[in-house]
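What the coordinates show
Below, each chain spelled out in residue letters.
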Amino acid sequence: MPTLPSGAVTIVFTDIVASSRQWEDDSGRMRDALAAHDSMINEVVESFGGTVFKHTGDGASCAFSEPADAVEAAIVIQSRLEDDAWDHGARLQVRIGIHTGDVEPTGGDYFGPVPNRAARIMALANGGQITCSSATADGIAASLTRAEGRHELRGIGAVEVFTIIDGRLSDNQNPLRFPVNKSNLPRRFTSFLGRDSDVTTTADLIRRRRGLTTLVGPGGVGKTRLAIEVGETLQRDFTGGVHFCDLTAVSDAEAVADSVAEVIGARLQPGMDIVASIVDYLDNHDILLIIDNCEHVLEAARGLVIAILRLDGASVLATSRESLGVPGEQLAQVAPLDTDGGGIELFVDRARDRDPGFTLDRATHAVVQQIVTDLGGVPLAIELAAAWARVMAPAEILERLRDHLQILDGGDKLGPARTIRETVKWSMELLDHDEAILLTRLSAFIGGFDLRAAEQVCSDAAAIPAGDVPRIVMSLVDKSMLQVNTSGPLSRFTMLETIRNFAAILLAESDPESEIQVRHAHHYLELSGKQNKLLFSAAEADAWTTLDAEWGNIRKALDTFEKGKQIENGIDLVLALAWFATISMRFELFGWVDELLAADGISDHPAYTDLCGAAALGLYFTVDDRAAAMARRGLDADPTDRSGMCRTALAAIYLNNVHTPVESGMLTAAWLESNPTSIPNRLWAESFRTFHLCSYNPTSNPRVHADNVTAIARETGSPTAIALSYWASGQVAAIEDRQAAIDLWKLGLDWTRSLPGNQLLEHLLLGLILHFKVRIGDLRDVLTLCRSSLEEAMHQHYVAGASHLFGVTAIALCRAGDPTSGARLVGAMVANGHHPRRNAVRALEEALGDKLDHHLAAGRPLTTHGAAVVAVEALNQAIADLE
């Protein structure tokens, strides 16, 4: 076993991009390439004084004593892989991540934060890139690094990241990837004590028998935290990960399904409601769904779970104060902590969070045990009591608590539910006047808030000046009434649901006119407008992150406007989010648009055309044949189409080959003649005009319009605009050089993947790459790309994107000798509202002749999901046959 360095160590992780696919597609070539790869890495690492302590099958783990040696070795590895002389089976794309920190080897390996951080930093890199942490960058020449700003590392938070640059490497300026995380379990900021056996028992219960398992118990007993720990334990048992949906923010039962769909990535499907769409999504994904806090929307949660459990192998872990009442439900009662062990351990741990010098001697132990006993072992009650350890001795806490709870020695103890209520009430009574007022007002927030929001919503000159809010908030954190997450660019504060519910009752009593709720709604209206302006700018990724974090508050703001019959504000809020919802495929918003369009007299409203455009985009995404009529209705009301959404919807429908060339030409020409002024309107107008001219009139200088898109991209720095510029420029390049076009579109893909979520343009770019590669590319590559593109579209539950790909997949299957499966796909495509391009029909006609209609008819009963399954199976078989 090699001797590994200790102390300050630089860890280097390498990873072969898309290695699984290469193994599946040509295991012989991949075996040769991997052997050469491993040998080369061993040689290079050793030549720079490092040690390879593990080969992972698709990468290597290395350790160096000096960061400069690690970085130099990484540069040499990448330059060797880029060398045209590499002739060892498959061509490999490798990403490398580097981090430096204090770590000790254990059994020939490294464990803990240092290697974990190196792995997270590696996950940000594209193939051919080397990324490193600031700890590594500080130890090498500044000329070797390019600052990439702060990036979110899963389970760690936002950190500074750097790319290694060197003349021996290709100039890879592609944006770093946004890390893909199959699970969304909340970060834990405190230790988990006293329930290890509960985690093991619940996890084993779910492993043995999938279905519904419900953690039942009163508020504050620890159900949510237990569910999170169980989810963490089971992550490797579910290939699709663990998804956590907190229903705390859901006040309307009808929004339960929308919240779950948002968390797992399900999108509204043609001919389905949102519940059926969730079931359709889960039918193709092996995930554990955790639904937290079901009790206040029990009927809706029960109906959704019953629908999900119709799927074989579906798994749901729910938390509730009572059973969901679903047949076959497994109940796990969450009891309070042991008052002799776990409860005391929790009190001491939380007390030391407030006072590091807190000690437990024999006398103190007896007092703490009595506190825990009086509180019935209820975790939240214990934490609230322990929060006062910095200003009160345990005996004083006990005395004050017993006075409030009216407990006498030997007297009856309160039940868990009443214990929580009384302890929360006691904790609030101990707050000073300003703290109590602010905590009450902060209950207006859903899913958390930052200091700026708290200042704007909760302050006033008379009671709480804005300048006092930060001090009071931190005091509430110190007293365990609020929790803080400092991992992002702004500290974010949350309130436990039990405390929020109590505070919300007090807010309703003290604010009968709902002034705070209205201020909350207006704050998020203003925030949405500001983020909309950042959407097409260099700060676009930040806008995505902000809107994603605040979606629960935004949803509540819309509810406030609806209840107050403030339709103007509701319209402004929805339209401020329309482009974000379109590009990020957040389809929930289009349901809000439909509700606004149902309002009395809406057709006379100045924003009617914009609402019609947003609705048309939503209908397009669900392949609804009403989309074109809705867009034209908006244009009839206002031909200027100020936002451009009506024309964008019509042009998108054109991509499905619904329009004739004449109609397309008239649409895109009139669009530009309307002198669009907003950035998204200009972008889409110039882009779709480029598409039209390249498709039907390439001699009419489409480059002018593509150059205009590029100019807007440079003007804004927006990743979406940059990706769209590659989409347009690639079409111009394709007139003379198809490979140059494909290379441009691949660059565009890198920009779409730099954003923190699914991006519509990713599907547009993948579709173009496939359409151009399908006839001229290597057949194995084409089949593999068709398969991965279909799987990605279905993973993102973007049915329109999957359906678009059926035509090009049919051409690929014709080339592979399976036109029958290709015809079934095209039949399903047409039956579900899409129209194949002429080249797909020609390929099928040439292969099947007069039998084509028969095979098309065989595909018409298939849903898009069913057709996608047929497509992937046929592609797998075609790839296997090539072997």
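Notes on the structure in this doc start here. (Residues numbered from 1 in each chain as written. Predicted model: local features only at pLDDT ≥ 70, side-chain atom pairs only at ≥ 80, totals over all residues. Heavy atoms only, no water.)

**Focus: the sheet that holds strand S10 (residues 288–292)**
Strand order in this open sheet of five strands is S9-S10-S11-S8-S12, and the pairing throughout is parallel. Only two strands of the sheet have a single partner each, and these edge strands are strand S9 (242–246) and strand S12 (330–333). Neighbour to neighbour, the strand axes of the sheet diverge by 20 degrees on average, direction disregarded. In terms of strand pairing, strand S8 (residues 212–216) meets strand S11 (residues 315–320) through five bridges, oriented parallel. Residue pairing across strands places Val 216 opposite Ser 320, the latter belonging to S11. On top of the sheet, helix H6 (residues 196–208) reaches S8, S10, S11 and S12; it is set at about 160 degrees to S8, its chief contact. Sitting on the sheet, helix H8 (residues 256–264) is in contact with S9 and S10, with an inclination near 145 degrees to S9. (Pairing = 2+ DSSP bridges. Helix = DSSP H or I, 4+ residues; strand = E, 2+ residues; numbered from the N terminus. Axes fitted to C-alpha atoms, helices over the stretch in contact; angles between N-to-C directions. Contact = heavy atoms within 4.5 Å.)

**Comments concerning the pairing of S8**
When you tally the buried positions in S8, you get five out of five residues, the bulk of the element. In terms of strand pairing, S8 meets S12 through four bridges, oriented parallel. If you follow Thr 213 over to S12, its bridge partner there is Gln 330. (Buried < 20%, exposed > 50% of the residue type's maximum accessible area, 1.4 Å probe, protein only.)

**Re helix H7 (residues 223–233)**
By the criterion of burial, H7 is predominantly enclosed, with eight of the 11 residues buried. Residues of H7 that are buried sit in contact with H6, S8, S9, S10 and S11.

**Details of the environment of Val 367**
Position of Val 367 relative to the elements: it lies in helix H12 (residues 362–374). Considering only alpha carbons, one finds Val 367 and Ala 395, 28 residues apart in sequence, at a separation of 6.1 Å. The contact partners of Val 367, leaving out residues within four places of it in the chain, are Pro 394, Ala 395 and Leu 398.

**Some remarks on the packing of aromatic side chains**
If you walk through the whole model with that rule in mind, you get 17 aromatic pairs. Between Phe 53 and Tyr 110 the ring centres are 5.1 Å apart and the planes differ by 75 degrees, which places this aromatic pair in the edge-to-face class. Taken as a pair, Phe 53 in strand S2 (residues 51–55) and Tyr 110 in the loop between strand S4 (94–103) and helix H4 (113–123) lie far apart in primary sequence, 57 residues in all. Each member of the pair, Phe 53 as well as Tyr 110, is classed as buried. Here the aromatic rings of Trp 551 and Trp 592 are separated by 5.4 Å at their centres, their planes lie at 15 degrees, and the arrangement is stacked. (Phe/Tyr/Trp six-rings, centres within 6.5 Å; stacked < 30°, edge-to-face > 60°.)

**Points about the nonpolar core**
In this structure, Phe 347 and Leu 442 are the most contacted members of the largest nonpolar core, which totals 189 residues. Broken down by element, the residue count for this core peaks at 11 residues, all from helix H35 (residues 799–815). Not counting the four nearest positions on each side in its chain, Leu 442 is found in contact with Phe 449, Ala 454, Cys 458, Leu 476, Leu 482 and Met 495. (Core = buried A, V, L, I, M, F, W, Y, C linked by side-chain atoms within 4.5 Å.)

**Overview of the packing of helix H32 (residues 738–752) against helix H33 (residues 760–773)**
Where H32 contacts H33, the axes come no closer than 9 Å and their chain directions differ by 160 degrees. By the angle class used here, H32 and H33 are roughly antiparallel. The way H32 lies across H33 gives a crossing that is left-handed. Here Arg 738, Ile 742, Trp 745, Lys 746, Gly 748, Leu 749 and Thr 752 of H32 come into contact with H33, specifically with Leu 761, Glu 762, Leu 765, Leu 766, Leu 768, Ile 769, Phe 772 and Lys 773. Class assignment of the residues belonging to the contact of H32 with H33 gives a composition of nine nonpolar, two polar and four charged. (Parallel < 35°, antiparallel > 145°, perpendicular 65-115°, else oblique. Left-handed = near helix turned anticlockwise from the far one by under 90°. Nonpolar A, V, L, I, M, F, W, Y, C, P; charged D, E, K, R; others polar.)

**Overview of the pairing of strand S1 (residues 7–16)**
S1 sits mainly inside the fold: eight of its 10 residues count as buried. Two elements, S1 and strand S3 (residues 59–64), share six bridges in a ladder whose sense is antiparallel. Following the sheet pairing, Ile 11 is matched in S3 by Ala 63.

**Focus on the packing of helix H17 (residues 451–458) against helix H18 (residues 469–478)**
Taken N-terminus to C-terminus, the directions of H17 and H18 make an angle of 115 degrees; their axes are 10 Å apart at the nearest point. Between H17 and H18, the crossing angle belongs to the class labelled roughly perpendicular. By crossing handedness, the relation of H17 to H18 is classed as right-handed. On H18, the residues touching Leu 451, Ala 454 and Glu 455 of H17 are Val 469, Pro 470 and Val 473. Considering only residue class, the contact of H17 with H18 consists of five nonpolar, no polar and one charged.

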